[in-house]
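Examining the three-dimensional arrangement
Residues per chain are reported as follows:
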Amino acid sequence: MAVNFGQQFLISILYLVTGWLGLHLAIPPGYATAVFPATGVAMAFILLFGPRVAPAIFVGSFAMNLLNSWPEQFGMASLIAASGIALGAVLQALAGWLLLRKQAQSNVWQRDARAVVGFLLMCGPLASLVNASWSVGILYSLGKIPLDEVAKNWLFWWIGDAVGAMVFTPLLLAIFEKPIREWTHRKTLLVVPSLVLFSMLTFFYVLISQHLNEKIRNEFHQRVKNNAHLVSSYLQRYEIALAGLQHALENRILTREEFASYVEPLHVRLSGIQSLQWNPRVLHKDRAKIEREAQKLGLMNKGFLERDPKSESLIPATERAEYFPILYAEPASRVAELIGYDIASVPSRRETVERAWKTATAIVSPPFDLIQNHSFYGKKGFVWTFPVFANGSRKHFLGIVIGVFRIQEFVMSSLGESMIDEWNFILTDTTASQSEFLFAHSNDPGPKITTYEQLKANVNPTYISSNVIHFAGRTWMMDIYPSKKFFPGHDLTALFIFVIGLILVVLLESLLILTAGRTDLIELKLVQSERMKALGEMAGGIAHEVNNPLAIISQSAILIKTLLTQNNFDSKQIVSTAQLIETTTHRIAKIIKGLRTIARDAENDPMEVVNIDQLVDETLELCRSRLKAHAIELSVGNISPNLTASGRRAQLSQVLINLLNNAFDAVQGKPGARVEVNAIRHHDTIEISVTDSGLGVADAVADKIMEPFFTTKEVGKGTGLGLSIAQGIMRSHNGTLSLDRTSKNTRFVMRIPTVKENKQKKAA
Amino acid sequence: MKKLNQFRILIVDDEPDLLHLFSLQFKLRGADVQTAQSGNKALEILKTTEFDLVISDVRMANGDGVTLLKGLKGLRSTMPVFFFMTGFSDFTNDEAKRMGANEVLNKPFDQLLLDEYLLKYFPNKVAA
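Residues numbered from 1 in each chain as written. Chains lettered and ligands numbered in written order. Predicted model: local features only at pLDDT ≥ 70, side-chain atom pairs only at ≥ 80, totals over all residues. Heavy atoms only, no water.

For the rest of this paragraph, the subject is the interface of chain B and chain A. The figure often quoted for interface size is the accessible area lost as the parts come together. With 23 residues of chain B at the interface, the matching set in chain A holds 26 residues. With both chains or domains summed, chain B and chain A bury close to 2,100 Å², and 64% of this area falls on carbon and sulfur atoms. Interface area lost by chain B to chain A is led by L21, L28 and R59 of chain B, which between them contribute 27%. At the junction of chain B and chain A, the tally comes to one salt bridge. (Contact = heavy atoms within 4.5 Å. Buried area = accessible area lost by both parts, 1.4 Å probe. Salt bridge = Lys/Arg side-chain N within 4 Å of Asp/Glu carboxyl O.)

Right, here's the structure in full:
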């Protein structure tokens, strides 16, 4: 069957829409599609039209996958993935086609239980192995699926495709397949209940999974609520530690050893401390003295330092009113070369110091990039500056205590292991109008999300929990969303119940395929067997009917030979014998024509103009000898050769034979057995009547005589379908078949509009 | 074609053309031919006339071949009867023979076979 561009396009669209719907039946976090109807679309159309629909399947699948990644995940990788998956869809459909084309073409699968089950298993679970393996392989090699999720993804892909194919292939075939007789009634019987059950199941599944999602969502938000304070608590511990250091320095000047012994346990207890420093305030007049003493104590060896703005190397600090050199720093190893570094040489830090001093409060710096960044610690840090006044009085400013912290490390340490596994989040400093990204944590594969906008686009917003962290004048925003690990195993229960329900839909379908329209199927078979029966009954008569003329021909030939061997033969006799051969061959031809008429299924024949006289003549030719052999007198009325009707010759002949056979059965073996056939025109109707010598039909029987399976014949002699089928044929000709109750004898009348009236009906 | 001498034959068939052809053929061979279009008609003739041979069709309205055989039994005739069969009949060749037919010829039949049977049953009446 040829497929034009428009049809290809429609198949693509159908694939796209059903696939898209299928993807949206997925439960979060999105890998589990229990049913993917598009697979059924691909399978059904490749079985209907052959591999030439491959482009449509490719385009449909490609577009669907691209649409699914649009716009956030769109890129080269998603283009490659979409092409790969589309190719997989085509390969899978081709595999199904190779497995099933013979079955689908012969319609065998619609008839016998084993074939139906075999068909469903092959188009579903077997063919679906192809794309599950192919596409999951592609997604894995593109890095879109991590290794430990390959098996799970493969399984869900396979289930979704298999169920989609099993549910939708038969339905689409039923809808789109070129109608064959037994499908006309089954179409609705199969498609409607299956779709209703499928829709109900899907509806309840969506309802239940929404409920479950709601539960999971609430659970998530509850856990966030219970744990979001952890980061703040950790910050408080920093604050307490620094405040302690501040307090100690306010009471008296600590030695380096004392400082170290105070700070050391903090490094053990708290994570994320880059360094803790003591920067005393040194007036210029004391610089030389302090430098000397510090060098003597071995605290510093180069005096006060600053960075050369050009070379970035450390040089002796230029002269200024006051200095805040790093005197102690722990852990020493990390900042040893910075001892003596005057932070007041950096204007912004000088400004922070001033502010801490003037306001007498601790100040947290905006986030900045740590020089010694580390892949685990991340690169963002912040500085917490505490002013130190002598005896706690604001009058005498001694210097500052500084804590430098690694943001990622401390945030991760503040969260428990389960939260680290179950949460993904992005942390942003939102103090300034221009918010600054601190770091993102994700357990899941895929592109890294670093802004709230990306987050909203990629994650169901109802799953995002935005938490504000206030400390020391700064505001951080922690947007938490669940990682794949958060979704507990039990949410798959609904999915598996759904899958089982879908398998029940498949079973219902199989049952409907096998049972619905069973009557039609039986009727079809009986119609065939009725025809075979009529044929069989006639076979003997026909053999007689054909062999007789053959005998005439052979005897004529013998006679001609004999005559020719005589010396003075009568040429007239030879001519007349040859003439006999000629007319006898016509007689055989007529029988053959009648036989051809009855032996075929004429349901789909086109209507043609049928000459009634010829029709009756040819049909009777088939019955004549049978009637004669049983001594039944056959009379044919004077039928006008001009009577014509529009119809299917073979079917009309079948009806007539049916009536003649009934007449035969009714009168056979009875004295005075007679059958009369006539055809007349009555207004715009042609009436073909078969009358037998029987004495009519009892009223009770007459009422039911046209009903299917009604028979008065002995068991095994009639199916009771003959007249009902005959009536169906006459109706399809806009005609009728009826018993003439006014006739003294049993008389059936076929009525059919004349050609002229049929044409008018068409015009109207 | 072999001549038949002093040979009386009754041909029974409901097909007028065939009856005409057979009677012409046998007449040409020198036989004395009578015809009947049904089994009952043949039995009527057989009641009054004697024949050497009856050749009859099986399927006929108004007294078929079997009726004819039964009737002949009633007349205690020992005269040979050849049957024409048309295939797909109600009985096989063997059944026909059991019912009393001496030989069975299937239509359309082989002329040589008919001659063979004639020679077998009437060696004296068939010219060499």
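Still more ground to cover, so stick around.
To continue, consider helix α3 (residues 54-69) of chain A. Given a rise of 1.5 Å per residue, 16 residues ought to cover 22 Å, and the 23 Å separating the end C-alpha atoms of α3 of chain A matches this to within 8%. Burial in α3 of chain A covers these residues: A54, A56, I57, G60, S61, M64, N65, L66 and S69 of chain A. (Helix = DSSP H or I, 4+ residues; strand = E, 2+ residues; numbered from the N terminus. Expected span 1.5 Å × (residues − 1). Buried < 20%, exposed > 50% of the residue type's maximum accessible area, 1.4 Å probe, protein only.)

Residues and elements named next belong to chain A. Of the consecutive residues E330 and P331, the connecting peptide bond is found in the cis state with omega at -5°. Relative to the helices and strands, P331 resides in the loop between β6 (328-330) and α12 (332-335). Even without being a glycine, E312 presents a positive backbone phi close to 70°. Its place among the elements puts E312 in the loop between β3 (305-307) and β4 (314-316). For H683, which is not glycine, the phi torsion reads 55° and is therefore positive. Tracing the sequence through the fold places H683 in the loop between β18 (674-682) and β19 (685-692).

This part covers the packing of helix α5 (residues 113-126) of chain A against helix α6 (residues 128-141) of chain A. Residues and elements named next belong to chain A. Following both chains from N to C, one finds α5 and α6 inclined at 0°, their axes separated by 5 Å at the closest point. Classified by the angle their axes make, α5 and α6 are roughly parallel. For the pair formed by α5 and α6, the contact residues are C123, G124, P125 and L126 on the first element and S128, L129 and V130 on the second. Class assignment for the residues of the contact of α5 with α6 results in five nonpolar, two polar and no charged. (Axes fitted to C-alpha atoms, helices over the stretch in contact; angles between N-to-C directions. Parallel < 35°, antiparallel > 145°, perpendicular 65-115°, else oblique. Nonpolar A, V, L, I, M, F, W, Y, C, P; charged D, E, K, R; others polar.)

Residue and element names in this part refer to chain A. F382, W384, F410 and V411 are the most contacted members of the largest nonpolar core, which has 82 residues in total. Ranked by the residues each element gives to this core, the list is headed by helix α9 (residues 229-251), at eight residues. When neighbours within four sequence positions are excluded, F382 is seen to be in contact with L235, V364, S365, F368, G403, V404, F405, I407, F410, F471 and W476. Listed in part, the 60 residues of the second largest apolar core include V35, I46, A165 and F198. (Core = buried A, V, L, I, M, F, W, Y, C linked by side-chain atoms within 4.5 Å.)

So, about the packing of helix α2 (residues 37-49) of chain A against helix α7 (residues 150-176) of chain A. All names here are of chain A. Packing of α2 against α7 brings their axes to within 6 Å, and their N-to-C directions diverge by 45°. Looking at the two axes, α2 sits oblique to α7. Crossing hand, α2 versus α7: right-handed. When α2 is examined against α7, the residues P37, T39, G40, V41, M43, A44, F45, L47 and L48 are found in contact with a partner set consisting of D161, G164, A165, F168, T169, L172, L173 and F176. Residues that form the contact of α2 with α7 fall into these classes: twelve nonpolar, four polar and one charged. (Left-handed = near helix turned anticlockwise from the far one by under 90°.)

Here the focus is the confidence of the model for chain A. Per-residue confidence for chain A gives a mean pLDDT of 82; residues scoring 70 or more make up 85%. In this model, residues 757-764 of chain A is a region of pLDDT below 50 whose contacts with residues beyond four sequence positions or in other chains number five contacts. (pLDDT = per-residue confidence, 0-100.)

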